[in-house]
Amino acid sequence: MKLSISQIVKVGLRPGLPSEEQKKIRSLNVGNLIGMTMVTILCVWNILGAHYHLAFSYAFLIGCMLLIFQLQHLGFFPAARYFTVALIPGFFSYISLCYQNNTELFLLLDIAVIVLLLNSWWMIIALSLLNMFAFIFIRIYNGNHQPLIEALPASRDVISATNLFVLMTMVLLYYKYEQQRDRRQLETLNRQNEEKALRLENLNRSKEQILSSLSHNLLQPLSALRNVLQKEEELSPARISDFTGRFKSNLDNVLLSLENTLRWSHTRLKGLIPAPRYCNVYDTLEQVASQFKAQLSEKRLRFIRRCDRDILVYADPTHLQLIIRNLVSNAVKFTPKGGSIRITVSNANGLVEISVTDTGIGMNEDLLEQLFNPEQRTHSSGTENEPGAGLGLLLVKELVELNGGHLTVTSVLKAGATFQVILPASYI
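Residues numbered from 1 in each chain as written. Predicted model: local features only at pLDDT ≥ 70, side-chain atom pairs only at ≥ 80, totals over all residues. Heavy atoms only, no water.

What follows deals with the nonpolar core. Membership of the largest hydrophobic core comes to 45 residues, with the highest contact counts inside it found for Tyr58, Leu61, Phe91 and Phe106. Put simply, the parts of the chain that give this core at least two residues each are helix H2 (19–48), helix H3 (52–74), helix H4 (77–99), helix H5 (106–117), helix H6 (121–144) and helix H7 (155–230). When near neighbours in sequence (up to four residues on either side) are disregarded, Leu61 contacts Val39, Leu87, Phe91 and Phe92. Formed by 41 residues, the second largest nonpolar core is a distinct cluster that contains Leu327, Val345, Leu399 and Val421. (Core = buried A, V, L, I, M, F, W, Y, C linked by side-chain atoms within 4.5 Å. Buried < 20%, exposed > 50% of the residue type's maximum accessible area, 1.4 Å probe, protein only. Helix = DSSP H or I, 4+ residues; strand = E, 2+ residues; numbered from the N terminus. Contact = heavy atoms within 4.5 Å.)

Here it is, written out as structure tokens:
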């Protein structure tokens with residue numbers, strides 16, 4: 001029953017309609033439903049009391065109410081409203097003249113309906129005055145003439161007054177309900193706007209931090225390179241070679257940070273559409289190991305790989321390489337000299353799991369919770385002050401999910417961290 005009433009109340013509602021229009025549609029449906037219920041009871045009562053003409057009149061009114069629902073359903077909302085405000089005075093004036101049972105009181109109800117359903121002020125005033133004049137005329141006429149059909153018992157006057165009181169009360173209560181509904185929606189929208197404003201503020205702050213970090217990371221190696229070039233004649237070839245290796249390592253980190261920033265910005269503005277195909281994970285690991293050879297050697301890190309040569313993953317090859325590069329870069333960055341990085345790749349149940357484990361500084365629970373929150377980016381330099389913009393892991397998570405996988409992280413402070421990437425092994 002609850003579902004049926006809910007469906008009746010929503011007859012005619014369509015996506016995109018203004019909230020005020022929706023409120024009027026619902027109000028007319030509710031009033032029509034309540035009125036139809038009461039009129040049906042009166043129709044049955046009059047049949048049982050052998051007032052067949054009156055029962056037929058109420059049956060006609062029920063048909064008119066069904067027509068109002070049909071007009072609402074078809075989207076003819078103005079027609080449904082004007083038909084309603086014309087039907088009430090026309091029908092109940094006729095009944096009052098025929099039976100003198102005080103149904104002219106419903107003309108007062110029609111004034112409330114006019115105010116609630118119509119928008120034009122001149123139309124509201126004109127129709128309200130017509131209802132008032134009709135009410136006065138019927139009162140005067142009934143006081144000086146006999147009913148056109150038959151006089152009903154005095155109890156019918158009480159019934160008419162009671163029905164009017166009930167309908168007016170329900171109309172006012174529903175209007176109050178709609179006001180509360182609008183207030184709740186407005187409060188919800190205000191909260192959503194406040195949350196959006198806060199997110200935008202946090203994102204702007206993160207953007208400023210990222211740009212500041214990138215500027216600093218670019219400035220540092222370039223300034224050092226300029227100083228070395230200025231003193232090139234004073235330095236020995238061995239010293240210059242040592243500096244060159246360090247510059248290359250720093251520039252590799254900066255270039256990765258720039259690539260992460262550009263790709264992450266692209267996902268925010270336009271989104272990324274992966275182009276997956278079968279990729280050999282072993283070959284990708286070999287390419288990444290070659291890229292980080294100098295950094296691994298400089299920090300004397302053991303780089304252990306456990307991966308069969310024939311393991312394939314179904315993913316975008318560029319995304320796969322960027323995922324592994326960022327995870328290895330993160331491990332190198334936060335693992336002290338003499339530590340180790342282990343990559344284990346396994347294939348089971350149609351999924352490929354790539355696990356990157358380091359013996360680095362690890363993370364506490366608070367940092368783990370903020371790790372993938374773009375509004376609370378935390379930036380920290382590596383164990384050897386390696387630069388970074390703090391976007392690598394955030395980009396990894398987005399790329400993994402774009403390729404149909406998921407990422408998990410476990411870490412213990414001062415004991416290292418493990419990043420597990422699970423990707424599909426085949427097209428589903």
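This part takes up the packing of H2 against H4. Here H2 crosses H4 at 45 degrees, and the two axes come no closer than 11 Å. Comparing their axes, H4 and H2 come out oblique. The crossing of H2 and H4 is left-handed. The segment H2 lies against H4, with Glu21, Lys24, Ile25 and Leu28 engaging Phe77, Ala80, Arg81 and Thr84. Residues of the contact of H2 with H4, tallied by class, amount to 4 nonpolar, 1 polar and 3 charged. (Axes fitted to C-alpha atoms, helices over the stretch in contact; angles between N-to-C directions. Parallel < 35°, antiparallel > 145°, perpendicular 65-115°, else oblique. Left-handed = near helix turned anticlockwise from the far one by under 90°. Nonpolar A, V, L, I, M, F, W, Y, C, P; charged D, E, K, R; others polar.)

What follows covers the environment of Lys293. Tracing the backbone shows Lys293 in helix H10 (residues 293–298). On the accessibility criterion, Lys293 (62% relative accessible area) is exposed. A C-alpha to C-alpha distance of 9.3 Å links Lys293 and Phe303, two positions 10 residues apart in sequence.

Okay, unusual backbone geometry next. Positioned with a positive phi, Asn102 is a non-glycine residue whose angle comes to about 65 degrees. Relative to the assigned elements, Asn102 resides in the loop between H4 and H5. The backbone of Asn349 shows a phi angle near 55 degrees, a positive value even though the residue is not glycine. Summarising the element assignment, Asn349 is placed in the loop between strand E4 (340–348) and strand E5 (351–358). Accessibility expressed as a relative area gives 78% for Asn349, which makes it exposed.

Evaluated as defined, the whole model comprises 5 salt bridges. Here Glu21 makes a salt bridge to Arg81, at a shortest N to O gap of 2.9 Å. You can see Glu21 sitting in helix H2 and its partner Arg81 sitting in helix H4, a full 60 residues away along the chain. The exposure class of Arg81 is buried, given its relative accessible area of 5%. Glu286 is paired through a salt bridge with Arg305; the nearest N and O atoms lie 2.9 Å apart. Of this pair, Glu286 sits in helix H9 (residues 281–291) while Arg305 sits in strand E2 (residues 302–306), placing them 19 residues apart in sequence. With a relative accessible area of 32%, Glu286 lands in the partly exposed category. (Salt bridge = Lys/Arg side-chain N within 4 Å of Asp/Glu carboxyl O.)

On to the pairing of E4, then. Judged from the 5 bridges that link them, E2 and E4 form a sheet pairing that is parallel. Its bridge partner lying in E4, Ile304 is registered against Arg342. Where E4 meets E5, 8 bridges bridge the pair, whose relative direction is antiparallel. Bridging from a neighbouring strand, Val345 pairs with Ile354 of E5. (Pairing = 2+ DSSP bridges.)

This model, assessed by the stated rule, comprises 1 cavity of 30 Å³ or more. If you add up the space inside the largest cavity, you get close to 600 Å³. Considering the residues around the largest cavity, the lining is formed by 34 residues, among which Gly31, Gly35, Ile88, Leu109 and Leu167 are closest to the centre. Of all the elements, H2 adds the most residues to the lining of the largest cavity, at 10 residues. (1 Å grid on protein atoms, 1.4 Å probe; cavity = no way out; pocket = protein on both sides within 12 Å on 5 of 7 lines; lining within 4 Å. Points joined across faces, edges and corners; volume = space filled by probe spheres on them.)

Moving on to the packing of H9 against helix H11 (residues 317–333). It is the contact of H9 with H11, at a shortest axis distance of 10 Å, that shows an interaxial angle of 45 degrees. Comparing the axis directions of H9 and H11 gives the class oblique. Where H9 crosses over H11, the two elements pack in a sense that is right-handed. Facing H9, whose interface residues are Thr284, Leu285, Gln287, Val288 and Gln291, H11 presents Leu320, Gln321, Ile324, Arg325 and Val328. Per-class residue counts for the contact of H9 with H11 are 5 nonpolar, 4 polar and 1 charged.

To describe a pair of aromatic rings, you give the distance between the ring centres and the angle between the ring planes. Using the criterion set out here, one finds 5 aromatic pairs in the structure. On the numbers, 5.1 Å between centres and 90 degrees between planes, the contact of Phe91 with Phe92 is edge-to-face. Of the residues examined, Phe91 reaches a relative accessible area of 7% and is grouped as buried. Taking NZ or CZ as reference, Arg156 lies 4.9 Å from the ring centre of Trp45, over its face. (Phe/Tyr/Trp six-rings, centres within 6.5 Å; stacked < 30°, edge-to-face > 60°. Lys NZ or Arg CZ within 6 Å of the ring centre and 35° of its normal.)

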